[in-house]
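# Close look at the chain arrangement
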Amino acid sequence: MRVDLPDGAHRTVAITNPDKVMFPSVGADKEERTKLDLARYYVAVDEAIMRTLDDRAVLLERYPNGVRGKSFFQKRIPDSAPDWLTTTTVETINGTPSRALVISDLAHVLWAANQGVLGLHVWQFRSAHPEDADEMRIDLDPSPGVTFDMTREAAGHTRDLLAEFGMVGFPKTTGSKGIHIYVRVEPGWDSFAVRGAVVALGRILAERHADLITDKWWKEERGERVFVDFNQNAPHKNMFGAWGVRPRVGAQVSTPFRWDELETIDPEACTIDTVPARLEEYGDPWELMDDAVCTITPLVERFAADLADGIPDAPWPPVYPKMPNEAPRVQPSRARKPD
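Residues numbered from 1 in each chain as written. Predicted model: local features only at pLDDT ≥ 70, side-chain atom pairs only at ≥ 80, totals over all residues. Heavy atoms only, no water.

Moving on, we come to the overall build of the chain. Helix and strand counts for the chain stand at 7 helices and 15 strands. Relative to the 2.2 N^0.38 estimate, which gives 20 Å for 339 residues, the radius of gyration of the chain is 20 Å and therefore close to what a compact globule would have. In terms of overall dimensions, the chain has C-alpha extents of about 65 × 45 × 40 Å along its principal axes. The buried share of the chain, taken over its 339 residues, is 53%. Put simply, the chain shows about 15,500 Å² of open surface, and 49% of that area lies on carbon and sulfur atoms. Placing the 40 positive and 53 negative side-chain charges of the chain at their respective mean positions leaves the two points 7 Å apart. (Helix = DSSP H or I, 4+ residues; strand = E, 2+ residues; numbered from the N terminus. Rg over C-alpha atoms; globule rule 2.2 N^0.38 Å. Buried < 20%, exposed > 50% of the residue type's maximum accessible area, 1.4 Å probe, protein only. Areas by Shrake-Rupley, 256 points an atom, 1.4 Å probe, with all protein chains shown as cover. Lys, Arg positive; Asp, Glu negative; His and termini not counted. Charge placed at Lys NZ, Arg CZ, Asp CG, Glu CD.)

Before going further, it helps to examine helix H4 (residues 148-164). The terminal C-alpha atoms of H4, which comprises 17 residues, lie 25 Å apart, in line with the 24 Å expected from a rise of 1.5 Å per residue. All buried positions along H4 are accounted for by Phe 148, Thr 151, Arg 152, Ala 154, Ala 155, Gly 156, Thr 158, Leu 161 and Leu 162. Residues of H4 that are buried make contact with strand S10 (135-142), strand S12 (179-184), helix H5 (191-208), strand S13 (213-214) and strand S14 (226-228). Of the residues one or two after H4, Gly 166 is the one with positive phi, at around 75 degrees. (Expected span 1.5 Å × (residues − 1). Contact = heavy atoms within 4.5 Å.)

So, on to the pattern of salt bridges. As enumerated under the stated definition, the model contains 23 salt bridges in all. Between Arg 126 and Asp 134 there is a salt bridge whose closest N-O contact spans 3.6 Å. The salt bridge involving Asp 290 is made with Arg 184; its shortest N-O contact spans 2.8 Å. Here Arg 184 lies in strand S12 and Asp 290 lies in the loop between helix H6 (275-282) and helix H7 (297-308), a separation of 106 residues in the sequence. (Salt bridge = Lys/Arg side-chain N within 4 Å of Asp/Glu carboxyl O.)

With that out of the way, let us pick up helix H3 (residues 106-114). Among the 9 residues of H3, 9 are classified as buried, and the element is accordingly described as predominantly covered. The backbone nitrogen of Ala 107 has a side-chain oxygen 3.0 Å away, supplied by the residue at the start of H3, namely Asp 105. Phi turns positive one or two residues past the end of H3, at Gly 116, with a value near 80 degrees. (Polar contact = N/O pair within 3.5 Å; in protein donor to acceptor, adjacent residues only side chain to side chain.)

This part takes up the packing of aromatic side chains. Inspection of the entire model under this criterion finds 7 aromatic pairs. Each ring, one from Phe 227 and one from Phe 230, has its centre 5.9 Å from the other, and the planes form 80 degrees; the classification is edge-to-face. Note on accessibility: Phe 227 and Phe 230 belong to one class, buried. An aromatic cluster of at least three residues, connected via ring pairs, comprises Phe 192, Trp 316 and Tyr 320. Just above the ring of Trp 259 sits the side chain of Arg 159; from NZ or CZ to the centre is 5.2 Å. One cation-aromatic arrangement involves Arg 222 over Phe 227; the distance from NZ or CZ to the ring centre is 3.8 Å. (Phe/Tyr/Trp six-rings, centres within 6.5 Å; stacked < 30°, edge-to-face > 60°. Lys NZ or Arg CZ within 6 Å of the ring centre and 35° of its normal.)

Take the sheet that holds S14 next. Across the sheet, which stays open at both edges, the 5 strands sit in the order S11-S12-S10-S14-S13 with mixed pairing between neighbours. Strands with a single pairing partner mark the edges of an open sheet, and in this sheet they are strand S11 (170-173) and S13. As paired strands, S11 and S12 are joined by 4 bridges and run antiparallel to one another. The residue of S12 that forms the bridge with Pro 171 is Ile 181. (Pairing = 2+ DSSP bridges.)

Turning our eyes to something else, we now look at the nonpolar core. Counting 93 residues, the largest nonpolar core has Phe 23, Tyr 41, Tyr 42, Leu 60, Met 136, Val 245 and Ile 296 as its most contacted members. Sort the elements by how many residues they give to this core and H5 lands first, with 9 residues. Ranked by size, the runner-up nonpolar core spans 7 residues in total, among them Ala 57, Ala 100, Val 102 and Trp 123. (Core = buried A, V, L, I, M, F, W, Y, C linked by side-chain atoms within 4.5 Å.)

Moving on, we get to the pairing of strand S8 (residues 97-103). Counting buried positions along S8 yields 5 of 7 residues, so the element is predominantly enclosed. Two strands pair when backbone bridges link them, and strand S5 (residues 56-62) and S8 are joined in this way by 3 bridges, in the antiparallel orientation. The residue of S8 that forms the bridge with Arg 56 is Ile 103. Examined bridge by bridge, strand S7 (residues 87-91) and S8 share 5 bridges and lie antiparallel to one another. What sits directly across from Thr 87, in S8, is Leu 101. If you look at the hairpin formed by S7 and S8, you'll find 5 residues sitting between the two strands, and Gly 95 has a positive phi there, around 90 degrees.

In summary, the side chains of a regular strand alternate between the two faces of the sheet. With 5 of its 6 residues buried, strand S3 (residues 21-26) lies for the most part within the structure. Sheet analysis places S3 next to strand S4 (residues 31-34), joined by 3 bridges and oriented antiparallel. Within S4, the residue paired with Phe 23 across the bridge is Arg 33.

Read these as geometric descriptors, not functional statements.
Written as structure tokens, this is what we have:
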């Protein structure tokens, strides 16, 4: 497939085995969709997806034989990959380096699609400015028993709280049962600060809407509530990117939407068949995100005030080393009871 590049040149990306079935049951008629269909989808959403991916490193979730085949995550790009691919070095929290793909243009997306990638998991910084975590990502994760209507309600409360702090949130479906809300963050903040801001945000939401929203990290404490997953902002974490096609049999897309669609958006109906037409008719709901840069200072200060008041940091994921100010990282039901 021929791709026009930003500098006016073009590049041809080969789609091998174009008839390989990647998605077996798409739409009301349960039709098959192939690797070529996947590539054509990305061509159709070119400008929108590049707004979100440009100059960002990605972790690749590969399904070489389609969604019903075996899968694996690939962080490291091999030396045998085309020499025109842009890469950068990323490190885990423990300092392990790897050579990751950087999305510089649509040709990079198509190269990944040809590798059977069903999921571009995106780092929260641009490779040109790795010190700045410029996305605050609010992952509204429904616990078992939570309906999508409950998640919608939690998203509305999150939008309103962000507005109280002078922030603009941009929502998208996860392509499954949750909702992600993104905030473009001003330069100068690292991912530790952004995570702390979301910890503070989650605490306020959980306090105000205790029957609906929780900030409890341990699943046994969440109940049937929507969890604000603050750890999606931890250093070196990545999240499933906007406009990406999920590894589901129905080829659902993680789809940006407008706030006035919150009560009507149907994640199951947003697929590689329907999203291009939706984008053409309504435009890109995230088009102005880069013009809506926000400060997270009030939430960072709120998190710092909690620490000063003796409220410990929320638990970190188990793969991370013990962090300063973190509460004991032990499942509450297994914690030692006072004598």
